[in-house]
Amino acid sequence: MITYSASHTIRIYLAMGLLLLGSTFNLYGRADHHRVIDLQCEHLINPLGLDEHHPRLSWRMESDAKGAAQSAYKLMVATDSLKLVSNDELLWDSGKRQSPQQLVVYDGPELQPFTKYYWKVIVWDEGGEPSSPSGVSHFETGMMGIANWQGTWISDGATMHELPAGYFRKSFDLGKQIASARVYIAAAGLYELHLNGRRVGDHRLDPMYTRFDRRNLYVTYDVTALLQQGDNALGVILGNGWYNHQPLAVWNFDRAPWRARPSFCLDLRITYSDGSTETIRSDGSWRTNTGPVIRNNIYTAEHYDSRITIGDWDMPGFIDTTWKGVALRAAPSNHIVSQQLHPIRNVREIVAQSIRKVNDSVYVFDMGQNMAGVTKVTLNGESGTIVRLKHGERLYPNGRVDLSNIDVYYRPKDDSEPFQTDIVILNGEGPVEFMPRFNYKGFRYVEVSSDKAIQLKQEDLVAYFMHSDVPAKGSLNSSNTMINKLWEATNNAYLSNLFGYPTDCPQREKNGWTGDGHFAIETALYNFDGITVYEKWLADHRDEQQPNGVLPDIIPTGGWGYGTANGTDWTSTIVIIPWNLYLFYGDLKPLQDNYDNMKRYVNYVERLSPQGLTTFGRGDWVPVKSRSSLEYTSSVYYFVDATILAKVAKLLNREEDRLYYQALAAKIRQAINDKYLDSTSVSYGSGVQTELSMALYWHVVPDELRTKLAENLARRVQQDGMHLDVGVLGAKAILNALSENGQAETAYKLAVQDTYPSWGWWIANGATTLQENWDMEAERDISDNHMMFGEIGGWFFKGLGGIYPDESAPGFKNIILKPNFVSGLNDFSCSLNSPYGKIISSWQRKGKKIYYSVTIPPNASASLSIPMQRHKRVYLDGDLVQPAIQLSAGSYEFRVE
């Protein structure tokens, strides 16, 4: 039971009242015409356990006024919410700053560990009128350094070959009234945390996967409500995760240099009502045992023996005399930092669409869509009955689950651990409910089989779509159902491949393939608020980068991927992703954090390729039929990297670097054009779709030849029967190359094509996620849930809605709007929740007229270019206007006729 003093309760109600009053009226008692909302710290809402000494603070301005803009702001920070409301004894007051900025780095007095900070904002509008203070937000610091840990790393002392998961517990007594309590827990492997019989939090697969011998993450929980005066008990279950990868596969994770039996370190820091503190920590006094989780692997599945369930093991009063002592361990690394990103969760429950009874011991469930996640099943049967839950994407003709498209890289030693198959042993004592703790799969179908007859109903099994729980940012709807289905399938594939880092597929590999990550980055950022996940993944890049600058093509890695093919077309993630985060969020930190790594990478490629052309790469992976020059495609990405690096150097005031990399980019571009451009026919290489589109999309082609090259690309697509003939590099470029250069009609026809080969062919054949191969029945590369062809999900926002960030005013401070009113599409609408608010771009065709609606959020502007045909005119509110126009914040209705 938690107790609070009367004065504490009064202060809470007083603060709530003042905050409510302050958020509705300003000091003069009148209602605001603009408000400050959506306060975030480090791109999160009220985060716990920050290690950042200078956190980023951001907000949005809300106003219905046309032209609404922020002219100034004032930030206030305090360690007491009442002092913040009364503006008394503030820790930091920025003062009134004349600036439209809505993302500001804290630069007050040094932040202290284990401290809660409250903050609010006042903004002034374009007319100099102040808003009321925002509502009070808060953030809380964590360890702020490895020296503040009190716990010791502990394990159960078993070898890395031990199969059952380790269970750990600690009893303790609290004799005083509790004001607040936080658990800080780091693990090498995965953990599930329990306190007084309850699982703590709703995260899955914590902590996130990192290069464990270089960086470990810890997670902070507010456990005040779970503690009680008197007896308490902490419990931890450890899973293998990527740390102790027992299955054998081609990626060699079983030989990772960090590999060992999982371990953890924990501090439970309690603050009492009298102001004193106490820390319950992991040490030699904990007890350990094994339990019903008899096998667990992130790559294969989980085995659970319900006959050896330990009742109340995580409760006070449990007798643990038969449990053994723990083993003390060294920390896996000396870099233990706070995990600050949207966590993995069971985001959506999906009920089975159908059940097919094959016989009394075999049932096949169809969940209706492909996904990443787990299933929860309720089982009844005799003691000792062995039940297998096989998860797959396809069915054999006889209706049984087929794994042959996804188990191709698994190298089992024997048949004791079947791929993607949970195994449950029943206890005969009533229903057994099972959901794996330390695993996820990629699947649509689940085959439940048993060695003895069991009875199952359709409602006995449900699935959970599991992924990093990133907030949705984009929305889309159109009159073409193919567009709607493709957008949904792209998002399903993206989320299925987001687990603290972007992956290629959720079943056979689960690897952070770098190319897949940057091919899909715009789709990611148009649709989801993913910056926290990508900043974590970029830290993984920094951990993995060799001193000479080279990167592996899967990140994190246990050592695989530093070969000869990990070239610019894949590992340009270190340059392309920070740049896109800057464009979409207007945040310099990703560029600042990774600038030296970008330089080392580009310098490495330059040493390999001093003449400006490089063959460092994998090429246009999984093409339809035509193959592009590896030297050409790799050199294009080399040019992209050098071009972006020069821009970043300018932003960071590195003038010498800017000049150097600008000249390098020009040299590479010239070398590409000297060898691969036929300026007479205006073609590149052998003239296939990938080669033409990459030159256009990445601005390799001379400006004066752009229009002609785009015409030739459109002609080539027509020659190919209005179908794709590209691999992953061409799929990233082709739609944009067409729609951004006057060929939007061709781009649209390609995008919604529904015969082979095309994105739509997958949908026409029942796909609910994107595929790995244009040919759904190919002999290899046939995962049914892959993201490497995922650019189309971002293209809808660009090629049809016309929403682009402006690199001269990033974060959509100024929006580039270039919609395309393509024929054959009657209406299209998309929106994006930008850092400044919702952007809406929507158009509808009525007869020969187009009605175009756009909304620009407060404190932002837009540069609109409406595509025009001969004899057409543009009207705004009945007045004739130019098709190119600058807009301030507000909603506008245009008519084109």
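Residues numbered from 1 in each chain as written. Predicted model: local features only at pLDDT ≥ 70, side-chain atom pairs only at ≥ 80, totals over all residues. Heavy atoms only, no water.

### Observations regarding the packing of helix α6 (residues 531-544) against helix α9 (residues 589-608)
Between α6 and α9, whose axes approach to 10 Å, the crossing angle comes to 20°. The pairing of α6 with α9 is recorded here as roughly parallel in orientation. The crossing of α6 and α9 is left-handed. Contacts from Glu-535, Leu-538 and Arg-542 in α6 reach Pro-590, Asp-593, Asn-594 and Asn-597 in α9. Its residues assigned to classes, the contact of α6 with α9 shows two nonpolar, two polar and three charged. (Axes fitted to C-alpha atoms, helices over the stretch in contact; angles between N-to-C directions. Helix = DSSP H or I, 4+ residues; strand = E, 2+ residues; numbered from the N terminus. Parallel < 35°, antiparallel > 145°, perpendicular 65-115°, else oblique. Left-handed = near helix turned anticlockwise from the far one by under 90°. Contact = heavy atoms within 4.5 Å. Nonpolar A, V, L, I, M, F, W, Y, C, P; charged D, E, K, R; others polar.)

### What to know about the nonpolar core
Counting 224 residues, the largest nonpolar core has Tyr-684, Trp-759, Phe-796 and Phe-894 as its most contacted members. Per-element accounting of this core gives the leading share, twelve residues, to helix α10 (residues 630-651). With near-sequence residues (within four places) excluded, Trp-759 lies in contact with Leu-486, Leu-724, Ala-731, Leu-735, Leu-750, Ala-751, Trp-774, Phe-789 and Ile-792. Listed in part, the 29 residues of the second largest apolar core include Ile-154, Phe-172, Val-200 and Ile-270. (Core = buried A, V, L, I, M, F, W, Y, C linked by side-chain atoms within 4.5 Å. Buried < 20%, exposed > 50% of the residue type's maximum accessible area, 1.4 Å probe, protein only.)

### A few points about the side chain of Asn-196
The topology assignment puts Asn-196 in the loop between β11 (190-195) and β12 (198-199). A distance of 2.8 Å separates polar atoms of two side chains, one belonging to Asn-196 and the other to Asn-232. A distance of 2.8 Å separates a polar side-chain atom of Asn-196 from the backbone nitrogen of Ala-233. (Polar contact = N/O pair within 3.5 Å; in protein donor to acceptor, adjacent residues only side chain to side chain.)

### Quick look at the environment of Arg-394
Structurally, Arg-394 is set in strand β27 (residues 394-395). Exposure remark for Arg-394: the relative accessible area of 15% places this residue in the buried category. A C-alpha to C-alpha distance of 55 Å links Arg-394 and Val-123, two positions 271 residues apart in sequence. Those residues in contact with Arg-394, other than ones at most four positions away along the chain, are Arg-400, Val-401, Asp-402, Asn-405, Tyr-445, Met-776, Glu-777, Ile-782 and Asp-784. Reaching out from Arg-394, the side chain makes a polar contact with the side chain of Asp-784 at a distance of 3.0 Å.

### Details of the environment of Ser-686
Here Ser-686 is to be found in the loop between β35 (683-684) and α12 (689-697). Sequence separation of Ser-686 and Ser-629 is 57 residues, and the distance between their C-alpha atoms is 8.3 Å. Setting aside chain neighbours within four positions, we find Ser-686 in contact with Arg-627, Glu-691 and Arg-716.

### Topic: the packing of aromatic side chains
Working definition: an aromatic ring pair is given by the centre-to-centre distance plus the angle between the planes. Evaluated as defined, the whole model comprises 48 aromatic pairs. Centre to centre, the rings of Tyr-117 and Phe-139 are 5.4 Å apart; their planes meet at 25°, and the pair counts as stacked. Residue Tyr-117 is found in strand β6 (residues 116-125), and its partner Phe-139 is found in strand β7 (residues 137-140); the two are separated by 22 residues along the sequence. For the pair formed by Tyr-117 and Phe-139, the shared burial category is buried. On the basis of an interplanar angle of 80° and a centroid distance of 5.5 Å, the ring pair of Trp-759 and Trp-774 is categorised as edge-to-face. (Phe/Tyr/Trp six-rings, centres within 6.5 Å; stacked < 30°, edge-to-face > 60°.)

### Quick notes on the pairing of β6
With nine of ten residues buried, β6 is to be regarded as a mostly interior element. Two elements, strand β3 (residues 70-78) and β6, share eight bridges in a ladder whose sense is antiparallel. Directly across from Lys-74, in β6, lies its bridge partner Ile-122. (Pairing = 2+ DSSP bridges.)

### Focus: the sheet that holds β6
Adjacent strands of a sheet form backbone hydrogen bonds with each other and so pair up, either parallel or antiparallel. What the four strands build is an open sheet, ordered β4-β3-β6-β7; its pairing is antiparallel. Only two strands of the sheet have a single partner each, and these edge strands are β4 (92-93) and β7. Pairing of β6 with β7, which is carried by four bridges, proceeds in the antiparallel orientation. Opposite Tyr-117, over in β7, you have Phe-139 as the bridge partner.

### Brief notes about the pairing of strand β1 (residues 34-41)
Taken across its eight residues, β1 has six buried, putting it largely inside the fold. Summarising the sheet, β1 and strand β2 (residues 56-63) pair through six bridges and their orientation is antiparallel. Counterpart to His-34 in the pairing with β2 is Ser-63.

### A word on the pattern of salt bridges
Applying the stated criterion across every chain yields a total of 49 salt bridges. Note that Glu-417 is salt-bridged to Arg-295, the shortest N-O span being 3.4 Å. Taken together, the residues span a long stretch of sequence, with Glu-417 in the loop between β28 (401-402) and β29 (421-425) and Arg-295 in strand β18 (residues 293-296) at a distance of 122 residues. We classify Arg-295 as buried; its relative accessible area is 15%. Where Glu-522 meets Lys-732, a salt bridge forms, and the shortest distance between an N and an O atom there is 2.9 Å. In this pair, Glu-522 is assigned in helix α5 (residues 521-527) and Lys-732 in helix α14 (residues 728-739), connecting sequence segments 210 residues apart. By relative accessible area, Glu-522 is classed as buried at 11%. Note on Lys-732: relative accessible area 4%, which makes it buried. Taken together, the shared-partner salt bridges connect Glu-42, Arg-56, Glu-535 and Asp-587 into one network. (Salt bridge = Lys/Arg side-chain N within 4 Å of Asp/Glu carboxyl O.)

### As for the sheet that holds β11
Taken together, the six strands give an open sheet; going across it, the order is β12-β11-β14-β9-β17-β20, and neighbouring strands pair in antiparallel fashion. This sheet does not close on itself; its edge strands, each paired only once, are β12 and β20 (324-325). With six bridges joining them, β11 and strand β14 (residues 230-239) adopt antiparallel strand pairing. The residue of β14 that forms the bridge with Leu-193 is Val-236.

### Things to note about helix α11 (residues 655-676)
Taking 1.5 Å per residue as the helical rise, α11 with its 22 residues ought to reach 32 Å, and the 31 Å between its terminal C-alpha atoms agrees with that figure. Those residues of α11 that sit buried are Asp-657, Arg-658, Tyr-661, Leu-664, Ala-665, Ile-668, Ala-671, Ile-672, Asn-673 and Tyr-676. On its buried face, α11 is in contact with α9, α10, β34 (677-678) and β35. (Expected span 1.5 Å × (residues − 1).)

### Here we look at the confidence of the model for the protein chain
This prediction gives the protein chain a mean pLDDT of 95; 96% of its residues lie at or above 70. Scored below 50 in pLDDT, residues 1-31 makes 37 contacts in the model with residues more than four places away or belonging to other chains. (pLDDT = per-residue confidence, 0-100.)

### A short note on helix α13 (residues 706-719)
Over its 14 residues, α13 runs 20 Å from end to end, which matches the ideal 20 Å to within 8%, given 1.5 Å per residue. The elements touched by buried residues of α13 are β35, α12, α14 and α15 (744-752). A positive phi of about 75° marks Gly-721, the residue just after α13.

### Regarding unusual backbone geometry
A cis geometry characterises the amide bond from Ile-555 onward to Pro-556, with omega recorded as 0°. Summarising the element assignment, Pro-556 is placed in the loop between α6 and α7 (568-571). Look at the link from Tyr-756 to Pro-757: it is a cis peptide, with omega at -5°. Structurally, Pro-757 is set in the loop between α15 and α16 (759-764). One non-glycine residue, Lys-510, lies in positive phi territory at about 60°. A positive phi is found at Val-682, a non-glycine position, where the angle reads about 55°. Secondary-structure assignment places Val-682 in the loop between β34 and β35.

### Details of the side chain of Lys-473
Take Lys-473: it is sitting in the loop between β32 (461-468) and β33 (474-478). Nearest to the buried, unbridged Lys-473 among oppositely charged side chains is Asp-529, at 5.2 Å. Within the structure, Lys-473 has its side chain in polar contact with the backbone oxygen of Leu-525 (distance 3.1 Å). When sequence neighbours within four positions are dropped, the list of residues in contact with Lys-473 reads Leu-525, Tyr-526, Asn-527, Phe-528, Asp-529, Tyr-585, Ser-831, Leu-832 and Asn-833. (Lys, Arg positive; Asp, Glu negative; His and termini not counted.)

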